[in-house]
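# Structural characterization, general
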Amino acid sequence: MSETETAVSFASDNASRFVEELKALLRIPSISTDPERVADVRMAAQFVADELARIGMENVRLIETTTATRKGHPLVYADWLNAAPAADGKPKPTVLCYGHYDVQPAEPLELWKSPAFEPEIRDGNLYARGAVDDKGQMWMHVKALESLLAAGGTLPVNVRVIVEGEEEVGGEGIAAFVREHGDELKADVALVSDTEMFAPELPTLCVGIRGMIYTEIEVQGARTDLHSGLYGGAAPNPFVALAQMIAKLKDEDGRILIPGIYNVVRRPSEAELAAWKTLPFDEAEYREHEVGSTELVGEPGYSVLERTWARPTLEVHGMPGGFIGAGAKTVIPAKALAKVSMRLVPDMWPAETFAMFKGYVESIVPKGVTVQVRLIHSGDPLVISTDNVFVAKATAAMRTVFGKETVFIRSGGSIPIVGDFVRVLGMPTVMMGFGLPDDNLHAPNEKFNLSNFHRGIESIVRWLELVGA
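Here's a quick rundown of the structure.

Calculation notes
- Residues numbered from 1 in each chain as written.
- Predicted model: local features only at pLDDT ≥ 70, side-chain atom pairs only at ≥ 80, totals over all residues.
- Heavy atoms only, no water.
- Helix = DSSP H or I, 4+ residues; strand = E, 2+ residues; numbered from the N terminus.
- Rg over C-alpha atoms; globule rule 2.2 N^0.38 Å.
- Buried < 20%, exposed > 50% of the residue type's maximum accessible area, 1.4 Å probe, protein only.
- Contact = heavy atoms within 4.5 Å.
- Pairing = 2+ DSSP bridges.
- Axes fitted to C-alpha atoms, helices over the stretch in contact; angles between N-to-C directions.
- Phe/Tyr/Trp six-rings, centres within 6.5 Å; stacked < 30°, edge-to-face > 60°.

### Considering the overall build of the protein chain
Of regular secondary structure, the protein chain possesses 14 helices and 18 strands. Here the C-alpha atoms of the protein chain give a radius of gyration of 24 Å, agreeing with the 23 Å that 2.2 N^0.38 yields for 469 residues. Each of the three principal axes of the protein chain carries a C-alpha extent, and together these read 85 × 50 × 45 Å. Each of the 469 residues in the protein chain was classed as buried or not, and the buried ones make up 53%. By sequence separation, contacts in the protein chain at least 24 residues apart represent 80% of the contacts at least 6 residues apart.

Below, the structure is given as structure tokens:
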């Protein structure tokens, strides 16, 4: 039996253990945005580091990070750089495996069928916050490496592993590390499993992601909160002003109203658009079971896939502030805040887009209030060429596992570090994910299909072997 098949057999024999280990990781509420969870985030980092050391990876360590404004969450680093040279004497390629161990908040908690941090298996799915985004998919990398090391004591390629704890809050720490210490991550290709399959049983590679700017708009009215009876009609209301401004950001068809925002948007190629039309997409099914709304919205003249993969968007995520408790409090708040993001597509760059967004918001401020527009975090959009050997070997690996040809899609989401891998380190990236469209990322009842978890491990084992062949 070849080492590949021995590794695949090892993964199959240890499938139940792999799931139990993942459950233990999922029980750690590593919510990176919550300052009260700093210790839990570090606990998750140490959990991953301990497992990498246990399976035989080398130079395992936590790397502390800092940003301009705060101490960050640690990176987990490991490597194994002992792959024997090829028959012609050339060194084997080096693969950088990336993932993240931090998760989104679990609220609203009352909508979970089982507690968010008490993993539960139902109908072949593992339910927990972080199950698919990204603890489960990151764990596939770890278990694939374990299976290969257990099979023959070696890996078919040189491997570096970097796992971050801030992907869900913008990834500032790892971005700084890449800029300042990129030589420590030097590799021929990066593997990212933080994406999804287009449909069940359909092997998929993501070749495009949208970028992002995440902002806060803060509106200041009076110096302090005011009695709405005594001052209503004379004092400015920051929430009303904020609502008026937000209403001017998009029209009723969903078109963004910032002047010039569409000038640099790159249209997908005709070949890519034609390929998207062949995908098994049912708009009614998507609306009913994934979105769950009475109808879909967005720019006229574009398909749903174009609107979610290749068009910029602007969304409002929350308007905290004022009085939201039980009962009544007749007050005009002094401040109002809105969290607003934009998803960006090629060739929109975060700095230029934020400047346009900020300038437009400042031009529509109602009288009586002042406004501050802050950039919280950002990421670049990216489209990856499919014409490279690493993508070809990924499709071959998944063909063996799934028995089908791989489809290429884009994602409407953002993975900030992928842009840094490509542009700062000059490293091609393979985005090979095994989530499903109904896995409820960032929502209650997040899940990961366990069949895909195990097939993901096998696909990574076979891909690493092919890359090293």
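### Digging into the sheet that holds strand E13 (residues 335–344)
Spatial ordering of the open sheet is given by E11-E13-E9-E14, a layout of 4 strands whose pairing is antiparallel. Both edges of this open sheet fall to strand E11 (313–318) and strand E14 (370–379), since each of them pairs with a single strand only. Adjacent strand axes in the sheet meet at a mean angle of 25°, parallel and antiparallel pairs treated alike. By the bridge criterion, 10 bridges tie strand E9 (residues 211–220) to E13 in an arrangement that is antiparallel. Following the sheet pairing, Ile-213 is matched in E13 by Met-342. Lying on the sheet, helix H7 (residues 238–247) is in contact with E9, E11, E13 and E14; it crosses E13 at an angle near 20°. Strands in contact with helix H11 (residues 350–363) are E9, E11, E13 and E14; relative to E14, the strand with the most contacts, it is inclined by about 160°.

### A short note on unusual backbone geometry
For the peptide bond that leads from Glu-107 to Pro-108, omega is 0°, which places it in the cis range. Within the secondary structure layout, Pro-108 lies in the loop between strand E3 (94–100) and strand E4 (120–122). Note that the residue after Pro-346, namely Asp-347, is joined by a cis bond; omega there is 5°. Within the fold, Asp-347 resides in the loop between E13 and H11. Even without glycine at this site, Asp-123 takes up a positive phi of about 55°. As for its placement among the helices and strands, Asp-123 is situated in the loop between E4 and strand E5 (125–127). Taking relative accessible area as the criterion, Asp-123 reaches 79% and is therefore assigned exposed. Even without being a glycine, His-442 presents a positive backbone phi close to 65°. On the secondary structure map, His-442 appears in the loop between strand E17 (429–431) and strand E18 (447–449).

### Quick notes on the packing of aromatic side chains
Where two aromatic rings form a pair, the distance of their centres and the angle of their planes describe that pair. Under the definition given, this model contains 9 aromatic pairs. Aromatic pair Tyr-98 and Phe-421: ring centres 5.9 Å apart, planes at 80°, arrangement edge-to-face. One end of the pair, Tyr-98, is in strand E3; the other, Phe-421, is in helix H13 (residues 416–423), with 323 residues separating them in the sequence. An angle of 10° between the planes, with centres 6.3 Å apart, marks the rings of Phe-402 and Phe-434 as stacked. Separated by 32 residues along the polypeptide, Phe-402 in helix H12 (residues 389–402) and Phe-434 in the loop between E17 and E18 bring together distant segments of the chain. Following the ring pairs from residue to residue traces out a cluster consisting of Phe-198, Trp-276, Phe-281, Tyr-286 and Trp-309.

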